[in-house]
Amino acid sequence: MNNRAWGSVASSKHFTYKAEAKRPWSSTSILELLEETRQEFEKLMGPGPDIVIQVEDRICEPNNYGARAEINRQIYSLREHFREIKIICELPTDYGYTEPERDLAYHFFVHELFHCWIGGAVSKPYEPIVEAITQYMTSWMLVHLGWCSEDLFVRERADWQEIVDTENSSYTIIAGYKLLFDQMYTDDAEYLFAFCKDLAGCFHEQRNQEEIDILPVLEHYLETAFESD
Ligand SMILES: [Zn+2]
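Residues numbered from 1 in each chain as written. Predicted model: local features only at pLDDT ≥ 70, side-chain atom pairs only at ≥ 80, totals over all residues. Heavy atoms only, no water.

## Quick look at the pattern of salt bridges
As enumerated under the stated definition, the model contains twelve salt bridges in all. Lys-43 serves as the salt-bridge partner of Glu-40, at 2.9 Å between the closest nitrogen and oxygen. Placement of both Glu-40 and Lys-43 in helix H1 (residues 27-45) is noted, with a separation of three residues, approximately one turn of the helix. Its relative accessible area of 15% is what places Glu-40 among the buried residues. Between Arg-155 and Asp-103 there is a salt bridge, with its nearest N and O atoms 2.9 Å apart. Here Asp-103 lies in helix H2 (residues 99-114) and Arg-155 lies in helix H4 (residues 151-166), a separation of 52 residues in the sequence. (Salt bridge = Lys/Arg side-chain N within 4 Å of Asp/Glu carboxyl O. Helix = DSSP H or I, 4+ residues; strand = E, 2+ residues; numbered from the N terminus. Buried < 20%, exposed > 50% of the residue type's maximum accessible area, 1.4 Å probe, protein only.)

What follows is the structure, given as structure tokens:
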């Protein structure tokens, strides 16, 4: 789909942002959100991509929304150097006027950005861990920087617990890991941050490989969780 009609186009130091629809958020606020979180992710995990990331805010059919990052045109497949990164968020028209919807939209943008540090091709059993840490740290960052209220975490914790208690799906595994990361954060936040930094280090060093080996880092930080699997 190359013939999208962009309603607005704006850019900052590290991002260009194009929106297809009139949204409840302004281009400026999304660029601020991305620049601020990028800076924080750098503090947490080291240098991020040194290219301008293209961000597309597209319209989709109701209930078909989602987000993805295309890194060098291959989703999540990191090559030695970043050449092109596109973050694509798809949301229906009239989306984002309630707080939970706006929170989710912010989550989409920041989540995909986080995948630029942690988010390469890992072997299947570890995919839920990468997804869970990405979701957890995204929400954490949004609350930490004041883009979302503390209520977001209250709502999410209740959701994760409910999923773990009642469902049996791939979401159950992810929710379980998010509860684990939340516990790690409560016990020793610096330890959780060190985990993120070491994971990012794996991706950084092994960026030219087809599959990235994060097992040594997982074993180091999540020893007990791994033994019980
Ligand atoms: Zn993800």
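## Digging into the layout of surface pockets
Taken as a whole, the largest pocket spans an internal volume of roughly 960 Å³. Lining the largest pocket are 33 residues, with His-107, His-111, Glu-131, Gln-135 and Lys-178 positioned closest to its centre. Sorting the residues of the lining of the largest pocket by element identifies strand S4 (66-71), H2, helix H3 (127-144), H4 and helix H5 (170-205) as the ones contributing at least two each. Looking at the lining of the largest pocket, the element that brings in the most residues is H2, giving seven residues. (1 Å grid on protein atoms, 1.4 Å probe; cavity = no way out; pocket = protein on both sides within 12 Å on 5 of 7 lines; lining within 4 Å. Points joined across faces, edges and corners; volume = space filled by probe spheres on them.)

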